[in-house]
Amino acid sequence: MHFAFCTLHFQLNKMADKYKPQEFEKKWQDRWVVDGLHRTGDIPGRPKMYILDMFPYPSGDGLSVGHARNYCLTDVYARYYRMRGYNVLHPMGFDAFGLPAENEAIKRQTNPSVLNKQFTANYKRQMDMLGLSYDWDRRVNSCEPDYYRWTQWIFLRLFNSWYDPRADKARAISDLEAELAERGTADISEAAERAGLKYPVCTAAHWALASKKQRNEFLMYFRLAYRGDSAVNWDPVDKVVVANEEVENGRSWRSGALVEKKILKQWFFRITAYANRLHNDLDGLDWPARIVTMQRNWIGRSDGAEVQFKIENENLKMGDSESSVSNSHLVVFTTRPDTLWGATFMVLSPEHPLVEKVTTTGQNEVVKAYVAQAKTQSDEARTATDKEKTGVFTGGYAINPVNDERIPIWIADYVLMGYGTGAIMAVPAHDQRDFEFAKKFNLPIRTVVQGTGVNGGDANATEANNAREGVMVNSGPLNGLQASESVDAAIQFVEQKGVGKRRANYRLRDWLISRQRYWGTPMPIVHTDDGEVALGDGDLPVLLPDVTSYSTTLTGESPLAGIDEFVNVETPIKGRRETDTMAAWACSSWYFSRFADPKNENEPFDINKVNEWLPVDTYVGGAEHAVLHLLYSRMWTKVLFDLGHINFVEPFKTLRNQGMILAPGVKTDPETGRQYHEKMSKSKGNVITPDEVIDEHGADALRGFEMFISDFSQPVPWNLQGVPGVRRWLDRVWRITLDPTEDAPSKAKAEITARELRRVTHRTIDKVGRDIETFSFNTAVAALMEFTNALYKARDAGLVDTIEWYQAIDSLLRMIAPVAPHMAEELWLRIGNRYSIHQQSFPFADPDAMKADEITVVVQVNGKVRDRITVPADLSDDDIKQQALATDGAKRFIGDAPPRQVVYVKGRLVNVVV
RNA sequence: GGGGAUGUGUCGAAAUUGGCAGACGAGCAUGACUUAGGAUCAUGUGCCGUAAGGCGUGUGGGUUCAAGUCCCACCAUCCCCA
């Protein structure tokens, strides 16, 4: 360090000008770009750090100060780690495909790609204005062919693989074809059933005889990307199919329209094959607990047993069986196998394939009628808890395998085909819905858990007792056991009898990916006489053509269906091109990997580069993506891992969610009188843009306030007074750095020594570093403000021009550099240092310098503060206790009696108990 | 209904994880200065009280020398899933 040099500059700058951020922020932003300061570090021997923001969906509204919060804080974080000597990857891109952009384009009668260029340019302008240090050389844009080409490439990987339950991983579909030719599904079926995969069966002989088309149809049941019939959620307003994840309370996520059920051929990703791994691997992630919980709930793993009930029915002829589902058994999944002895009837979903088989001739008509009306109802309506239970008796009976009891088989719409096996054993004493059903149709109720609370076995009870605590009764071998231990006992019992197995069941459904829309990644699939055929890697990209109309066709097909040149394919395969496009979730499920190698023209990414940079060390974005993007990305990562394209199984090691910034004004609910803050939105006209704030106070003040406003994860209303407050602080930093003698020292002589200044400096370094690392940005700024206050005190104490003073200023600027990069750079040069401060290291806290010579110890009597003493830090515990007892404050409250106890907490307090 | 989170001054909040509640900032009040500024500087600012002191972290209880922090019950608000 060159202190003499610094002093010289202090002299030269005696009449320093005022802090005017507008005069130099742009200058430095341009200079940093020219000098490539934000290019991704790649210095051998340095550790890597991948810091990523969720890439935004560019809209015409641009960024608000709410969006800026996310970006500013990760930028501070990235700049900090650069100064700590890390190779930092901090990229940005745009999630461009999707419905809102398309709808906007329809409204404005223009092409969405034109809008995309405008919107992304505006986003980048705003981000630059904030001083964000992204490596723009690595920018990706999901709607550009050099990006979506690789989305299609990954789609092909999914299409060309299947999940092998024996290896518990994805494998090439060609492996499966080879195995089918040799042995059929003989080795696969049992493992598949155990894993809950509903694979069809086939022998080698059948496979040999099958046509190409039949083979393709068969393989569809295995592929990780597949086309299948599906009752889909149809949004009548946007005229598009929406995923389960996009439906909230029966309404479409975007349009808000009530979704309808429609049977269509749709493309899916077989995410259910990964349910168990997606559930288990959550354990190793440093994610907010609530996001982990939400994913767990969404995957909805429940442990229990699968139990077979024999069907007793004259209609059944032996030799009827032709599929893997045995026609003479009903398979149910239950999380409460301990209540098997309380099953008094069974309920099938109206869509269950065995309904026809079990129905007796006499009941045929009522059953048919019921099945027909159930079809018209949505899942939500069918399973609503307040809904009156409906159902009909099939006339058939099943045999309960644990006690050989003959129980009636009913059908009812509250049982869904999509969950479990589509059939349940009804235990009315211990399940509320079964209870209501039994009450309505006068079916027997038998208590098997003698509970402590409401007893569902009571004929007059109004609700079931689903408690898991109590003693087992009426349950054969389980009698007398505690309910808590009887689940395992029951599973062992059915396993020994060979009538059931331990199993996990999942609520997760396959991921519906196709959209009948224009603005998305085209699927690399051609429909031929032999079925759906995938293009080869060399045929990519399938380019999205220009169209004149973006509206969905009346048949619900994509506008692409109307373009003959696109639809009719001659080479390399003759057929009709798939006109559905991929939902934008596909684009965002792998973009974080593309950043490792964004310009690669031969593959989505080089394996060495992606393995070097990933997984993402710190991923930051809104909590609204808890079960959509974050779950899908995890699945794609696992598929690419299974197929050997990457060597990591989880994409995001650490995840942090920022709280939402709300509009500043308080609103009052006219009905409840409750006060609340609105979200910022253009339609409400309450958006505050970074542009207006920067215009007034500069980017550094905005960045500082984004950090300071609240704890990062807490939602908080914007405070109009906040930015000026931070600006005042920056002003003070400016003055104390350039002109420490300008202000008249205050009359009250401050008590601070050079040694103490040094201690405060190092304590601040320690605190600011730790706070940034733990995302406590608000307290990091508070510590810097305190440090600034201490510097004014030190100035008043006459410490300007001491070595400790220059060290303190030097540390201050380095610590401020990540927070207020423009000002830090400007001051750094003005006091005579060399460009650039952002290539300097963050200061290190010296533990010795942090140690205090004297400590203040609080003196309490019976837990109340009565006095305090200042003692040498190395004084013995006993001496400190003695001094504490001798204080006036203590003596006044102790009285004559000797203290009963004296507690000393090292370096903090003495508590005298009397 | 199930799951999760949060509750601290006038406001945003902090509290080294069981050890001085309210750091830091905003706002407000009083004063100083003046090149009258969106300044700057100083002092004060949880409640009651002149003071000594007492009370105080959603409510009620408990553990502890000591509780915002741990335990039990409840209330309110927000989010997610139904």
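Criteria and cut-off values
- Residues numbered from 1 in each chain as written.
- Chains lettered and ligands numbered in written order.
- Predicted model: local features only at pLDDT ≥ 70, side-chain atom pairs only at ≥ 80, totals over all residues.
- Heavy atoms only, no water.
- Helix = DSSP H or I, 4+ residues; strand = E, 2+ residues; numbered from the N terminus.
- Buried < 20%, exposed > 50% of the residue type's maximum accessible area, 1.4 Å probe, protein only.
- Contact = heavy atoms within 4.5 Å.
- Pairing = 2+ DSSP bridges.
- Axes fitted to C-alpha atoms, helices over the stretch in contact; angles between N-to-C directions.
- pLDDT = per-residue confidence, 0-100.
- Parallel < 35°, antiparallel > 145°, perpendicular 65-115°, else oblique.
- Left-handed = near helix turned anticlockwise from the far one by under 90°.
- Nonpolar A, V, L, I, M, F, W, Y, C, P; charged D, E, K, R; others polar.
- Polar contact = N/O pair within 3.5 Å; in protein donor to acceptor, adjacent residues only side chain to side chain.
- Phe/Tyr/Trp six-rings, centres within 6.5 Å; stacked < 30°, edge-to-face > 60°.
- Lys NZ or Arg CZ within 6 Å of the ring centre and 35° of its normal.
- Near = heavy atom within 4 Å.
- Salt bridge = Lys/Arg side-chain N within 4 Å of Asp/Glu carboxyl O.
- Arc of directions from axis to C-beta.
- 1 Å grid on protein atoms, 1.4 Å probe; cavity = no way out; pocket = protein on both sides within 12 Å on 5 of 7 lines; lining within 4 Å.
- Points joined across faces, edges and corners; volume = space filled by probe spheres on them.

## Section: the overall build of chain A
Looking only at helices and strands, one finds 32 helices and 37 strands in chain A. Overall, the C-alpha framework of chain A stretches about 105 × 85 × 60 Å when taken along its three principal axes. For chain A, the proportion of its 914 residues judged to be buried stands at 54%. Taking as baseline every contact in chain A between residues at least 6 positions apart, the subset at least 24 positions apart corresponds to 71%.

## Some thoughts on the sheet that holds strand S35 (residues 864-872)
On the basis of which strands lie adjacent, the open sheet formed by 4 strands has the order S35-S34-S37-S36 and mixed pairing. For this open sheet the edge positions go to S35 and strand S36 (901-905), each flanked by a neighbour on one side alone. For this sheet the average axis-to-axis angle between neighbouring strands, irrespective of direction, equals 20°. Two strands pair when backbone bridges link them, and strand S34 (residues 854-861) and S35 are joined in this way by 8 bridges, in the antiparallel orientation. Its bridge partner lying in S35, Ile855 is registered against Val871.

## Considerations on the confidence of the model for chain A
With 91% of its residues at a pLDDT of 70 or more, chain A shows a mean pLDDT of 86. Least confident of the elements in chain A is helix H1 (residues 3-12), whose mean pLDDT is 40; most confident is helix H6 (residues 145-159), at 97. Considering only residues more than four positions removed or in separate chains, one finds that residues 316-326, a stretch of pLDDT under 50, has 9 contacts. Across the interfaces of the predicted complex, the ipTM metric reaches 0.93, alongside a pTM of 0.87.

## Overview of the packing of helix H26 (residues 754-773) against helix H27 (residues 777-796)
One can describe the packing of H26 onto H27 by two numbers: an axis separation of 8 Å at closest approach and a directional angle of 165°. Classed by the angle they form, the pair H26 and H27 counts as roughly antiparallel. Crossing handedness for the pair H26 and H27: left-handed. Contacts between H26 and H27 pair Leu757, Val760, Thr761, Thr764, Lys767, Val768, Asp771 and Ile772 from the former with Phe777, Thr779, Ala780, Ala783, Leu784, Phe787, Ala790, Leu791 and Ala794 from the latter. Looking at side-chain class alone, the contact of H26 with H27 contains 12 nonpolar, 3 polar and 2 charged residues.

## Points about the environment of Asn657
Turning to its location among the elements, Asn657 is positioned in strand S30 (residues 652-657). It is 20 Å that separates the C-alpha atoms of Asn657 and Pro690, two residues lying 33 residues apart in sequence. Not counting chain neighbours up to four residues away, the residues in contact with Asn657 comprise Pro288, Ile291, Gly621, Gly622, Ala623, Phe712 and Ser713. Separated by 3.1 Å, the side chain of Asn657 and the backbone oxygen of Gly621 make a polar contact.

## A word on the packing of aromatic side chains
Scanning the entire structure with this criterion turns up 50 aromatic pairs. On the basis of an interplanar angle of 75° and a centroid distance of 5.7 Å, the ring pair of Phe393 and Tyr397 is categorised as edge-to-face. Of the residues examined, Tyr397 reaches a relative accessible area of 22% and is grouped as partly exposed. Ring geometry for Phe592 and Phe652: centres 4.8 Å apart, planes at 70°, overall edge-to-face. Here the residue Phe592 occupies a position in helix H20 (residues 591-594), and Phe652 occupies one in strand S30, the gap between them amounting to 60 residues. As far as burial versus exposure is concerned, Phe592 and Phe652 are alike and both buried. Taken together, the ring pairs connect Tyr77, Tyr80, Tyr81, Tyr86, Phe712, Phe775, Phe777 and Phe842 into an aromatic cluster. Sitting over the face of the ring of Phe844, Arg84 holds its NZ or CZ atom 4.6 Å from the ring centroid. Residue placement shows Arg157 over the ring face of Trp153; its charged tip is 3.8 Å from the ring centre.

## Some details on the protein's contact with RNA strand B
By nearness alone, 40 residues border RNA strand B, and Arg674, Glu696, Ile709, Arg732 and Arg908 come closest of all. Considering RNA strand B, the proportion of its atoms within 4 Å of the protein that are sugar or phosphate atoms stands at 67%. Here a sugar or linking oxygen of RNA strand B and a side-chain polar atom of Arg290 are 3.4 Å apart. Take Arg866: an N or O atom from its side chain is 3.0 Å from a phosphate oxygen of RNA strand B. The residue makeup of the surface near RNA strand B, split by class, is 13 nonpolar, 13 polar and 14 charged.

## So, the pattern of salt bridges
By the definition in use, this model includes 50 salt bridges. Arg39 is the partner of Asp137 in a salt bridge, and the nearest nitrogen-oxygen pair spans 3.3 Å. One end of the pair, Asp137, is in the loop between helix H5 (112-129) and strand S4 (140-141); the other, Arg39, is in the loop between helix H2 (25-34) and strand S1 (48-53), and 98 residues separate them in sequence. For Arg39, a relative accessible area of 48% gives the class partly exposed. Connected via shared salt-bridge partners are Asp164, Arg166, Arg171, Asp175, Glu179, Glu182, Arg183 and Asp187.

## A closer look at unusual backbone geometry
In this chain, Leu614 is followed by Pro615 through a cis amide linkage whose omega measures 0°. In this fold, Pro615 is placed in the loop between helix H21 (607-613) and strand S29 (616-621). With an omega of 0°, the peptide bond between Tyr835 and Ser836 qualifies as cis. If you trace the backbone, Ser836 turns up in the loop between helix H29 (821-830) and helix H30 (847-850). Phi at Asp168 is positive, roughly 55°, even though this residue is not glycine. Here Asp168 lies in the loop between strand S5 (161-164) and strand S6 (169-172). Positive phi is not limited to glycine here, since Phe775 has a value of about 65°. Mapped onto the secondary structure, Phe775 falls in the loop between H26 and H27.

## Overview of the packing of helix H23 (residues 690-697) against helix H25 (residues 722-738)
The interhelical angle for the contact between H23 and H25, taken along N-to-C directions, is 35°, at an axis separation of 11 Å. In the crossing of H23 with H25, the sense of the turn from one axis to the other is right-handed. Residues Val693, Glu696 and His697 of H23 touch H25, and the partners they reach there are Val723, Pro724 and Arg727. Partitioned by chemical class, the residues of the contact of H23 with H25 number 3 nonpolar, 1 polar and 2 charged.

## Some thoughts on helix H7 (residues 173-183)
Burial in H7 covers these residues: Ile173, Leu176, Glu179 and Leu180. The arc that holds the buried residues of H7, viewed along the axis, is 115°, so those residues lie on one side. The elements touched by buried residues of H7 are S5, S6, helix H9 (204-209) and helix H10 (212-219).

## Here we look at the sheet that holds strand S26 (residues 568-569)
Overall, antiparallel pairing links the 4 strands, which are arranged S25-S24-S27-S26 in an open sheet. Pairing within the sheet leaves two strands with one partner each, and these edge strands are strand S25 (531-534) and S26. Looking at chain direction, S26 and strand S27 (residues 575-577) are connected through 2 bridges and run antiparallel. Its bridge partner being in S27, Asn568 is matched across the sheet by Arg576.

## Comments concerning the environment of Pro288
Mapped onto the elements, Pro288 comes out in the loop between helix H11 (275-280) and helix H12 (289-299). What makes Pro288 buried here is its relative accessible area of 19%. Along the sequence, Pro288 and Arg727 sit 439 residues apart, while their C-alpha atoms lie 32 Å from each other. Once residues lying within four places of it in the same chain are set aside, the contact partners of Pro288 are Leu655, Arg656 and Asn657.

## Remarks on empty space enclosed by the protein
Overall, the coordinates contain 1 cavity of 30 Å³ or more when judged by the stated rule. Estimates place the volume of the largest cavity at around 40 Å³. Lining the largest cavity, in full, are Pro58, Ala96, Ala101, Pro112, Leu115, Asn116, Phe119 and Trp519. If one sorts the elements of the lining of the largest cavity by residue count, H5 sits on top with 4 residues. Residues belonging to the lining of the largest cavity are distributed by class as follows: 7 nonpolar, 1 polar and no charged.

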